[in-house]
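Chains, contacts and geometry: an overview
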Amino acid sequence: MSFDYKVADLGLAEAGRHQIRLAEHEMPGLMSLREEFGASQPLAGAKIAGSLHMTVQTAVLIETLTALGAEVRWASCNIYSTQDEAAAAVVVGPNGSADDLQGVPVFAWKGETLEEYWSCTEQILTWPGNDGPNMILDDGGDATMLVLKGRQWEEAGQVPPTTEDDAEEFTVFKALVRRTMESDPTKWTEIAKQIKGVTEETTTGVHRLYQLAEAGELIFPAINVNDSVTKSKFDNKYGCRHSLIDGLNRATDVLIGGKVAVVCGYGDVGKGCVESLAGQGARVIVTEIDPICALQASMEGYQVARLEDVVGQGDIFVTTTGCYDVITAEHMAQMKNKAIVANIGHFDNEIDMAGLARTEGITKTEIKPQVHEWTYPDGRSIIVLSEGRLMNLGNATGHPSFVMSNSFANQTIAQIEIFTKTDEYANEVYTLPKHLDEKVARLHLDALGVELTELSKAQAEYLGVDVAGPYKPEHYRY
Ligand code: NAI
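Bear in mind the structure is a predicted one, so any value in this text is a computation, not a measurement.

**Here we look at the UniProt feature "binding site: substrate" (unreviewed entry) in the chain**
- Those residues carrying the UniProt feature "binding site: substrate" (unreviewed entry) are Thr55, Asp139, Glu201, Lys231 and Asp235 in this numbering.
- Position of Thr55 relative to the elements: it lies in the loop between strand 1 (47–51) and helix 3 (56–67).
- Note on Thr55: relative accessible area 5%, which makes it buried.
- With respect to the helices and strands, the residue Asp139 is situated in the loop between strand 4 (135–138) and helix 6 (142–156).

Written out as structure tokens, the structure reads:
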């Protein structure tokens, strides 16, 4: 079989396959969904455009979706996050070879330019014979944005002119839609018509979806996978607890113990990051805008301060906010010599990289890919990871398999929900029902040797719940 694809090197497929095989062992949620739904093929007919970091764990997700009957095209949702061996292995497929591709069209490699990035996103939405996609699986919302903004601009007959405020990303994105409008003026309108729905992975993408729904611009249903408890309270927290310091170590190998680490944001990601830095013996300072999260950080024993007041103390700075301009060029100019600056939030605008580059007399030296030293005219320098993009995927390989099995089991169930029950969903943003959230957790207990206590019928009646769950009301916060 042959199909269009674009990856760094198909020769890496064997190495990727070994890693995928080991990851499968650590992803009991996905593997049991394959067992449960393999025969009934609930995703037969689903044509999924996937935009999510093309890692080994994502390879197991992709092959779960295809095992359930889906056809898939895939791109990464970040220019640095692809693991090239995983991308190659997915294209070749478990039983294929370089001469006989039996896998899935993937358009992703580590170190894409922004133009290449958006072109890959276009590729996953452009199916042979225009026969698809009918589902989007998104991380950060870029694939959804391309379809919805593309359609909106087609209807308006033009793309709004680029402004000075536009991030470089957005300028390139607008250029892409301008180009498609010239060659095919109804491309995105036609694609949008076929989409039954989207399932969104992360906080930032979910935020965009709620904004679209509020503005009445969401034209298909969406499932917010991020806010399944078994996603945000696990992947965002325990995943980052693991992969933040993995990224720091691979990038710099600096000893974390004894250092002052400043973590901006104490949400789910921030909590995981702070715990791992403190676990390594760093003295952690938190910045927050939300009094509840600030109080939480304080009760956990961390100093909570304003960035401008502690910017000269930090050895390591990490942004986890999903906000923008959190670390400005002015902040960076006041940092200690060789301070490390990193972002683990979804977009690179948390750190003002453009402002840093504009600093008078500054020079940039590549220490190694995704690690840059920026030197000020007075000889002091700071180390910036992954050009300000999410560093756990740019400098390391993202979250480990077991935690991603939770996230991706939610993704798979969410795809089945929208694809098989399209009529039951309006054009709004939904979270998965609690019994499915509990199901995802259950799928991961055996692997960890967890023995769950069972309620008696009388105890269940006393608590006012069913013996089989759900055990908590919707408003419970875990
Ligand atoms: P969250 O909403 O739980 O936490 C963000 C926190 O930052 C909030 O408590 C908020 O009050 C605080 N904040 C906002 N603006 C701030 C500012 N200017 N200064 C200080 N604090 C500020 O969101 P969550 O789930 O922690 O996600 C954060 C970001 O990380 C999002 O962009 C999300 O998409 C991304 N993410 C990245 C992952 C990765 O593997 N790199 C994994 C999961 C999420």
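**Side note on the site of the ligand**
- Residues in contact with the ligand amount to 25 residues; listed here are only the nearest, Thr202, Thr203, Thr204, Glu288 and Ile344.
- In this structure, an oxygen atom belonging to the ligand sits 2.6 Å away from a side-chain N or O atom of Glu288.
- Residue His399 places a side-chain N or O atom 3.4 Å away from an oxygen atom belonging to the ligand.
- Contact with the protein chains hides 85% of the accessible area of the ligand, taken as 860 Å² for the molecule alone.
- Among the secondary structure elements, those contributing two or more residues to the shell around the ligand are helix 9 (203–214), helix 10 (229–252) and helix 11 (268–279).

**Focus on the sheet that holds strand 7 (residues 260–264)**
- Spatial ordering of the open sheet is given by 9-8-7-10-11-14-13-12, a layout of 8 strands whose pairing is mixed. The open sheet has two edge strands with one neighbour each: strand 9 (303–304) and strand 12 (363–368).
- With 4 bridges connecting them, strand 10 (residues 316–319) and strand 11 (residues 339–343) associate as parallel partners. Opposite Phe317, over in strand 11, you have Val341 as the bridge partner.
- Set on the sheet, helix 10 makes contact with strand 10, strand 11, strand 12, strand 13 (371–375) and strand 14 (381–385); between it and strand 14 the angle comes to about 125 degrees.
- Contacting strand 7, strand 8 (283–287) and strand 10, helix 11 crosses the sheet at an angle of about 175 degrees to strand 7.

**Digging into the nonpolar core**
- Within the largest apolar cluster, 53 residues are counted, with the highest numbers of intra-cluster contacts made by Leu43, Ile48, Met54, Leu65, Val72, Trp74 and Val106.
- Breaking this core down by element, the ones donating at least two residues are helix 1 (13–25), helix 2 (28–37), helix 3, strand 2 (71–75), helix 4 (84–92), strand 4, helix 17 (401–420) and helix 18 (434–442).
- Of the residues forming this core, the biggest block, 9 residues, is contributed by helix 17.
- Excluding anything up to four places from it in sequence, Leu65 contacts Leu43, Ile48, Ala70, Val72, Trp74, Leu137, Thr412 and Gln415.

**As for the pairing of strand 11**
- Among the 5 residues in strand 11, 5 count as buried, and that is most of the element.
- Here strand 11 shows two buried faces, one formed by Ala339, Val341 and Asn343 and the other by Ile340 and Ala342.
- Across 3 bridges, the pairing between strand 11 and strand 14 is parallel. Each bridged residue has a counterpart across the sheet, and for Val341 the counterpart in strand 14 is Val384.

**Description of the packing of helix 6 against helix 7 (residues 168–183)**
- Contact geometry of helix 6 with helix 7 gives a least axis separation of 10 Å together with a crossing angle of 55 degrees. Classified by the angle their axes make, helix 6 and helix 7 are oblique. Helix 7 is crossed by helix 6, and the crossing has right-handed handedness. Contacts between helix 6 and helix 7 involve Met145, Leu146, Lys149, Gly150, Trp153 and Glu154 from the former and Phe170, Phe173, Lys174, Leu176, Val177 and Met181 from the latter.

**Digging into the domain arrangement of the chain**
- Assigned domains of the chain: these are domain 1 (10–230 + 399–437) and domain 2 (239–395).
- The distance between the C-alpha centroids of domain 1 and domain 2 comes to 29 Å.
- Counting residues at the interface gives 19 residues for domain 1 and 16 residues for domain 2.
- The largest share of the area that domain 1 buries against domain 2 comes from Tyr80, Thr204 and His399, three residues that together contribute 39% of it.
- There are 1 salt bridge connecting domain 1 and domain 2.
- Note that Arg389 is salt-bridged to Glu169, the shortest N-O span being 3.2 Å.

**Topic: the UniProt feature "domain: S-adenosyl-L-homocysteine hydrolase NAD binding" (unreviewed entry) in the chain**
- Per the UniProt record, "domain: S-adenosyl-L-homocysteine hydrolase NAD binding" (unreviewed entry) is annotated on residues 236–398.
- Secondary structure content for residues 236–398 is 35% helix and 23% strand, and the end C-alpha separation is 11 Å.

**Concerning the packing of aromatic side chains**
- This structure, assessed with the given rule, holds 10 aromatic pairs.
- Judged by centre distance (5.2 Å) and plane angle (80 degrees), the rings of Tyr117 and Trp118 are edge-to-face. A single burial state applies to Tyr117 and to Trp118, both of which are buried.
- Here the aromatic rings of Phe234 and Tyr238 are separated by 5.6 Å at their centres, their planes lie at 65 degrees, and the arrangement is edge-to-face. Within this pair, Phe234 and its partner Tyr238 are both found in helix 10, separated by 4 residues, close to a single helical turn.
- By relative accessible area, which is 31% here, Phe234 ends up partly exposed.
- Residue class for Tyr238 comes out partly exposed when judged on its relative accessible area of 31%.
- Put simply, the rings of Tyr117, Trp118, Trp153, Phe170 and Phe173 pair up and form one aromatic cluster.
- Lying over the aromatic face of Trp127, Arg73 brings its terminal NZ or CZ to 6.0 Å of the ring centre.
- When the ring centre of Tyr376 is taken as reference, the NZ or CZ atom of Arg380 above it lies at 4.8 Å.

About the cut-offs
- Residues numbered from 1 in each chain as written.
- Predicted model: local features only at pLDDT ≥ 70, side-chain atom pairs only at ≥ 80, totals over all residues.
- Heavy atoms only, no water.
- UniProt positions renumbered as here; feature names shortened; annotations may be inferred.
- Helix = DSSP H or I, 4+ residues; strand = E, 2+ residues; numbered from the N terminus.
- Buried < 20%, exposed > 50% of the residue type's maximum accessible area, 1.4 Å probe, protein only.
- Near = heavy atom within 4 Å.
- Polar contact = N/O pair within 3.5 Å; in protein donor to acceptor, adjacent residues only side chain to side chain.
- Areas by Shrake-Rupley, 256 points an atom, 1.4 Å probe, with all protein chains shown as cover.
- Pairing = 2+ DSSP bridges.
- Contact = heavy atoms within 4.5 Å.
- Axes fitted to C-alpha atoms, helices over the stretch in contact; angles between N-to-C directions.
- Core = buried A, V, L, I, M, F, W, Y, C linked by side-chain atoms within 4.5 Å.
- Parallel < 35°, antiparallel > 145°, perpendicular 65-115°, else oblique.
- Left-handed = near helix turned anticlockwise from the far one by under 90°.
- Domains from an automatic or database assignment.
- Buried area = accessible area lost by both parts, 1.4 Å probe.
- Salt bridge = Lys/Arg side-chain N within 4 Å of Asp/Glu carboxyl O.
- Phe/Tyr/Trp six-rings, centres within 6.5 Å; stacked < 30°, edge-to-face > 60°.
- Lys NZ or Arg CZ within 6 Å of the ring centre and 35° of its normal.

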